[in-house]
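Chains, contacts and geometry: an overview
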Amino acid sequence: MPPRKRARPNATAMRMVGEQVAVARIARGLTQKELGRRVGLQEESIASIEQGRRPLMPDVAALMDQELGLPGVLTVAAHKMPQMDVIPPWAEPLMNLEKKAQALSSYQNQVIPGLLQTEAYAEAVFRSRLPLYTESEIADQTAARLDRQPVLRREKPILASFVIWEPVLSCPIGGREVLRDQLRHLLDCSRLPGVMIQVLPLNEATHPALDGPFVLLETPDHQHIAYLETQRGSLVVSDLDEVSILAQKYAMLRTQALNPDDTRGLLKRLLGDP
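Attention here is on the structure that accompanies the text. (Residues numbered from 1 in each chain as written. Predicted model: local features only at pLDDT ≥ 70, side-chain atom pairs only at ≥ 80, totals over all residues. Heavy atoms only, no water.)

**Points about the overall build of the protein**
When its secondary structure is counted, the protein shows 11 helices and eight strands. Here the protein, with 274 residues, has 46% of them falling under the buried criterion. Long-range pairs, those at least 24 residues apart, make up 73% of the contacts in the protein between residues at least 6 apart in sequence. Accessible area for the protein stands at about 14,300 Å²; split by element, carbon and sulfur atoms hold 55% of it. (Helix = DSSP H or I, 4+ residues; strand = E, 2+ residues; numbered from the N terminus. Buried < 20%, exposed > 50% of the residue type's maximum accessible area, 1.4 Å probe, protein only. Contact = heavy atoms within 4.5 Å. Areas by Shrake-Rupley, 256 points an atom, 1.4 Å probe, with all protein chains shown as cover.)

In structure tokens form, the structure reads like this:
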């Protein structure tokens, strides 16, 4: 089945809007890091927008207009940019669920959870996929992943719990510097309201999730849903019995994992921080 598509601004329009952001930011005397902090994005995400590698989303554009003293200029540009079709891959069901969820629990044993990935790490993940993506497709996929992350910085915080198997923290996807930046980002994310990150130690030789990663979500009307990815696609599970089994597994994983404070201590040690 061919992947479904969604609209994304074309490259020329993205570069033009990115240049507008850069000019307005510099005129305001802000660094990329400072602007990112004000609108809830990473510094590298601001850089990608300014370089035309990541589309400026309308909600972020509205925040930038406010912070940069612009009368809706970027908001209009974000809404009016010419569009082209790109891949919104297998992750679309998860993206739709995440936007509405009031609680999320995620166990990952291969890579850092998508909601916690830096841009460079996400790009490296997509470069490892087969069949190989083109450079344009890698950029599209990376942008789509980063566009999910503001859910962790909503005005009303989502309750988000992440359990990550310890070997993921030492696997240098993208290289040592990319991994180091990713660990630093994990440490920063661990301090966000409502976000709890726990590492499942390598010495926990047996645990209830040897079958692989999964995500649990709770909707505003308290419906409980599970999301699983396989080599050949994704699966949304709403059967109460199946979701209950996964919820029990996740509860047991959390008891075996380091608590959030000890996890931050581990991240600091890996980073060489005192």
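**Here's the deal with the packing of aromatic side chains**
On inspection of all chains with the given rule, the structure shows three aromatic pairs. Between the aromatic rings of Tyr 107 and Phe 214, the centroid separation amounts to 6.3 Å while the plane-to-plane angle is 50 degrees, which identifies the pairing as tilted. With Tyr 107 in strand E3 (residues 103-108) and Phe 214 in strand E6 (residues 214-218), this residue pair connects regions lying 107 residues apart in the sequence. In this structure Phe 214 comes out as buried when scored by relative accessible area, which is 3%. Measuring from ring centre to ring centre gives 6.2 Å for Phe 214 and Tyr 250, while their planes differ by 80 degrees; the resulting arrangement is edge-to-face. Taken together, the residues span a long stretch of sequence, with Phe 214 in strand E6 and Tyr 250 in helix H10 (residues 240-256) at a distance of 36 residues. (Phe/Tyr/Trp six-rings, centres within 6.5 Å; stacked < 30°, edge-to-face > 60°.)

**With respect to the nonpolar core**
Within the largest apolar cluster, 35 residues are counted, with the highest numbers of intra-cluster contacts made by Leu 116, Leu 152, Phe 162, Leu 169, Leu 186 and Ile 197. Of all the elements in the fold, those that place two or more residues in this core are helix H7 (119-127), strand E4 (159-165), helix H9 (176-189), strand E5 (195-200), E6, strand E7 (224-230) and helix H11 (260-271). Ignoring anything within four residues of it in the chain, the contact list for Leu 116 reads Gln 149, Leu 152, Phe 162, Ile 164, Gln 182, His 185, Leu 186, Cys 189 and Ile 197. One finds Val 39, Leu 74, Ala 77 and Ala 78 within the second-largest nonpolar core, a separate group that totals 17 residues. (Core = buried A, V, L, I, M, F, W, Y, C linked by side-chain atoms within 4.5 Å.)

**Side note on the layout of surface pockets**
If you add up the space inside the second largest pocket, you get close to 1,000 Å³. Lining the second largest pocket are 32 residues, and of these Gly 36, Gly 40, Leu 41, Gln 42 and Arg 153 lie nearest its centre. When contributions to the lining of the second largest pocket are tallied by element, the ones reaching two or more residues are helix H2 (32-39), helix H3 (43-50), helix H4 (58-68), helix H6 (92-100), helix H8 (135-148) and H9. Of all the elements, H9 adds the most residues to the lining of the second largest pocket, at five residues. When its residues are assigned to classes, the lining of the second largest pocket shows 11 nonpolar, five polar and 16 charged. (1 Å grid on protein atoms, 1.4 Å probe; cavity = no way out; pocket = protein on both sides within 12 Å on 5 of 7 lines; lining within 4 Å. Points joined across faces, edges and corners; volume = space filled by probe spheres on them. Nonpolar A, V, L, I, M, F, W, Y, C, P; charged D, E, K, R; others polar.)

**Let's talk about the environment of Pro 58**
Turning to its location among the elements, Pro 58 is positioned in helix H4. Taking the C-alpha atoms as reference points, Pro 58 and Ala 77, separated by 19 residues in sequence, lie 8.5 Å from one another. Filtering out sequence-adjacent residues up to four positions away, Pro 58 remains in contact with Ala 78 and His 79.

**Let's talk about the packing of H2 against H4**
The interhelical angle for the contact between H2 and H4, taken along N-to-C directions, is 120 degrees, at an axis separation of 9 Å. For H2 against H4, the interelement crossing comes out right-handed. Residue-level inspection shows Leu 35, Arg 38 and Val 39 of H2 in contact with H4, the latter providing Val 60, Leu 63, Met 64, Glu 67 and Leu 68. (Axes fitted to C-alpha atoms, helices over the stretch in contact; angles between N-to-C directions. Left-handed = near helix turned anticlockwise from the far one by under 90°.)

**Description of the pairing of E7**
In this structure, E6 lies alongside E7, joined through four bridges in antiparallel fashion. The residue of E7 that forms the bridge with Leu 216 is Ala 226. Between E6 and E7, which follow one another and run antiparallel, lie five residues, and His 222 among them has a positive phi close to 70 degrees. (Pairing = 2+ DSSP bridges.)

**Quick notes on the packing of H2 against H3**
Following both chains from N to C, one finds H2 and H3 inclined at 105 degrees, their axes separated by 8 Å at the closest point. Between H2 and H3, the angle is such that the two are roughly perpendicular. Residues Gln 32, Lys 33, Leu 35, Gly 36 and Val 39 of H2 form the contact with H3, whose own contacting residues are Glu 43, Ile 46, Ala 47 and Glu 50. Looking at the contact of H2 with H3 residue by residue, the classes come out as four nonpolar, two polar and three charged. (Parallel < 35°, antiparallel > 145°, perpendicular 65-115°, else oblique.)

**A closer look at unusual backbone geometry**
Geometrically, the link from Leu 130 to Pro 131 is a cis peptide bond, its omega value of -5 degrees lying close to zero. If you trace the backbone, Pro 131 turns up in the loop between H7 and H8. Phi at His 222 is positive, roughly 70 degrees, even though this residue is not glycine. Within the secondary structure, His 222 is located in the loop between E6 and E7.

Function-wise, these values are silent; they only describe arrangement.
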